[in-house]
Amino acid sequence: MNRQELIEQIKEKQSFLCVGLDTDITKIPAHLLDEEDPIFAFNKAIIEATEDLCVAYKPNIAFYESYGVRGWHSLQKTWQAIPKSCFSIADAKRGDIGNTSNMYAQAFFDEAVSGMGFDSITIAPYMGKDSVTPFLDFEGKWAIVLALTSNSGSKDFQNFSNTDGKQLFEEVIDKVNTWGTVENLMYVVGATRGEAFLKIREHAPDHFLLVPGVGAQGGSLQDVCQYGMNKDCGLLVNSTRGIIYASSGKDFAERAREEAQKLQKEMELELIKAGVI
Ligand SMILES: O=C(O)c1cc(=O)[nH]c(=O)n1[C@@H]1O[C@H](COP(=O)(O)O)[C@@H](O)[C@H]1O
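What counts, and at which threshold
Counting restarts for each chain: residues are numbered from 1 in the order of the written sequence. Local features in this predicted model are restricted to residues whose pLDDT is 70 or higher, and side-chain atom pairs enter the listing and the counts only when it is 80 or higher, whereas totals over whole chains, interfaces and linings include all residues. As a convention, hydrogens and water are excluded, and side-chain values are obtained from all of the structure's heavy atoms. UniProt positions are given in the numbering used here, feature names are shortened, and annotations may be inferred rather than shown by experiment. A pairing counts as a salt bridge when a side-chain nitrogen of Lys or Arg comes within 4 Å of a carboxyl oxygen of Asp or Glu. The helix count covers DSSP runs of H or I at least four residues long, the strand count covers runs of E at least two residues long, and both are numbered beginning at the N terminus. Buried, partly exposed and exposed residues are distinguished by accessible area as a fraction of the type maximum, computed with a 1.4 Å probe on protein chains only: under 20%, between the cut-offs, and over 50%, respectively. It suffices for a single heavy atom of a residue to lie within 4 Å of a molecule or strand for the residue to be listed as near it. Pairs of N or O atoms are called polar contacts if they sit within 3.5 Å, as long as, within protein, a hydrogen donor faces a hydrogen acceptor (for residues adjacent in sequence, only side-chain-to-side-chain pairs). Side-chain classes follow a simple rule in which Ala, Val, Leu, Ile, Met, Phe, Trp, Tyr, Cys and Pro form the nonpolar group, Asp, Glu, Lys and Arg form the charged group, and the remainder, Gly included, forms the polar group. Only the stretch in contact is used when a helix axis is fitted, and all axes are lines through C-alpha atoms; the angle between N-to-C directions ranges over 0 to 180 degrees. By convention the crossing between two helices is left-handed if the near helix lies anticlockwise of the far one by an angle smaller than a right angle, and right-handed if it lies clockwise. We call two residues in contact when some of their heavy atoms are within 4.5 Å. A pair of strands is treated as paired once DSSP finds two or more bridges between them. With the strands pointing away from the viewer, any crossover whose connection runs clockwise from the first strand over the helix to the second is right-handed. We call a set of buried Ala, Val, Leu, Ile, Met, Phe, Trp, Tyr and Cys residues a nonpolar core when their side-chain atoms join them within 4.5 Å.

The name an unreviewed UniProt entry gives the protein is Orotidine-5'-phosphate decarboxylase, with Sphingobacterium paucimobilis HER1398 as the organism. Under the UniProt heading Pathway (unreviewed entry), the entry covering the protein gives this text: "Pyrimidine metabolism; UMP biosynthesis via de novo pathway; UMP from orotate: step 2/2."

**Focus: the pattern of salt bridges**
Side-chain pairing between opposite charges can occur once the charged atoms of the two side chains come close. A full pass over the atoms with the stated rule returns 16 salt bridges. Close ionic contact of Lys-265 with Glu-268 constitutes a salt bridge, the shortest N to O distance being 3.6 Å. Of the two residues, Lys-265 and Glu-268 both sit in helix H12 (residues 252–273), three residues apart, roughly one turn of that helix. Note on Lys-265: relative accessible area 46%, which makes it partly exposed. Taken together, the shared-partner salt bridges connect Arg-255, Glu-258, Glu-259 and Lys-262 into one network.

**Some details on unusual backbone geometry**
Backbone geometry at Gln-14 places phi at a positive 50°, although glycine is not the residue there. Within the secondary structure layout, Gln-14 lies in the loop between helix H1 (3–13) and strand S1 (17–21). Judged by its relative accessible area of 28%, Gln-14 falls in the partly exposed class. Backbone geometry at Lys-93 places phi at a positive 45°, although glycine is not the residue there. Structurally, Lys-93 is set in strand S3 (residues 87–94).

**Observations regarding the site of the ligand**
Around the ligand lies a shell of 16 residues, among which Asp-22, Ser-150, Gln-217, Thr-240 and Arg-241 are the nearest. Contacts to the ligand include Asp-22, whose side-chain N or O atom sits 2.6 Å from an oxygen atom. Note that a nitrogen atom of the ligand is positioned 2.6 Å from one of the side-chain N or O atoms of Ser-150. Taken together, the elements giving at least two residues each to the shell around the ligand come down to S3 and strand S8 (235–239). Looking at the shell around the ligand, its residues break down into four nonpolar, seven polar and five charged.

**Looking at the packing of helix H9 (residues 196–203) against helix H10 (residues 221–228)**
In a pair of packed helices, the angle between the axes and the distance between the axes together describe the arrangement. Viewed as axis vectors pointing N to C, H9 and H10 meet at an angle of 35°, and their least axial separation amounts to 8 Å. As H9 packs across H10, the resulting crossing turns out to be right-handed. Taken together, the residues of H10 that come into contact with H9 (itself represented by Phe-197, Leu-198 and Arg-201) are Val-224, Tyr-227 and Gly-228. Of the residues assigned to the contact of H9 with H10, the class counts are four nonpolar, one polar and one charged.

**Let's talk about the pairing of strand S7 (residues 208–212)**
Here is the key point about a regular strand: its side chains alternate between the two faces of the sheet. Across the five residues of S7, five count as buried, placing the element largely inside the fold. Pairing of strand S6 (residues 185–189) with S7 involves three bridges; the strand directions are parallel. Bridging from a neighbouring strand, Met-186 pairs with Phe-208 of S7. In this sheet, S8 lies alongside S7 in parallel orientation, the contact comprising four bridges. In the sheet register, Leu-210 faces S8, and the bridge partner there is Leu-236. As for the winding sense of the linkage, the β-α-β connection from S7 through H10 to S8 is right-handed.

**Some thoughts on the UniProt feature "domain: Orotidine 5'-phosphate decarboxylase" (unreviewed entry) in the protein**
Residues given the UniProt feature "domain: Orotidine 5'-phosphate decarboxylase" (unreviewed entry) here are residues 16–256. Secondary structure within residues 16–256 divides into 37% helix and 18% strand; the distance between the first and last C-alpha atoms comes to 16 Å.

**So, the nonpolar core**
Among the nonpolar cores identified, the biggest contains 91 residues, and Phe-16, Phe-87 and Leu-235 are the most heavily contacted of them. Not counting residues up to four positions away in its chain, the partners in contact with Phe-16 are Ile-10, Val-55, Leu-221, Cys-225, Met-229, Cys-233, Leu-235, Leu-236, Val-237, Met-267 and Leu-271.

**Let's talk about H10**
Regarding H10, the residues found buried are Leu-221, Val-224, Cys-225, Tyr-227 and Gly-228. On its buried face, H10 sits against H9, S7, S8 and H12. The N-cap residue of H10 is Ser-220: its side-chain oxygen and the backbone nitrogen of Gln-222 are 3.3 Å apart.

Shown next, in the form of structure tokens:
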């Protein structure tokens, strides 16, 4: 999916919600455990219940690879079940020397080889240019680079500053900007970082930002929008546990839909407030 198509989806659905699919077999409703592939059965039900309310899905790869071959199967079926009108994110946080990054890109982007063709992948940029550009070389695909993350450990490195006061996450964005464009690069900025979005927008005014951390991690959607929204919206706000584990009973999909709908309604107001729709 390209940038224009993503913006159109946001306007049409009046939503910039990304539903995280971090599916933990110990947390899914007991009745699904009788299914041949409980993780996929859960994901399929969540996707069917939320696809008109969100514009993206983000399976976190750890929740699949931890089950070995069975997990990769569930992931592949989940990717196939994501509607083509939704942006798909392989949250894999990869990045290695160039030829290895190229193999990671193939694993998540090249359907003919791996059976999966995600639109995008999350990337840890610590190894620098040759670890990121192999993902950007895939036509029509996106690299979503970690900039300022939502977790408490983010300050260990990301806020490190040089003598001019420029922080590492700012340097990351300035440098990575020179490797790609607003058409194939996004940045991860945690919803828990509030006013830091002002600084992020100084460095990346037009890029889309993937924003995890609302819901279970307590980030504020209103703050994110106040400081981070641009004229095209420019935000994909993720919630995972707050949606997919809203209920552990037979009503899990309906309850997930209710939680997604609450966020969609709030997002609609923010899009109107910012003049995007
Ligand atoms: O790259 C990510 O998606 C990510 C970056 C970040 O800074 N913080 C963060 O929580 N995430 C991911 O976003 C999801 C958040 O899930 P919830 O806290 O349950 O909404 C998880 O899959 C995390 O791995």
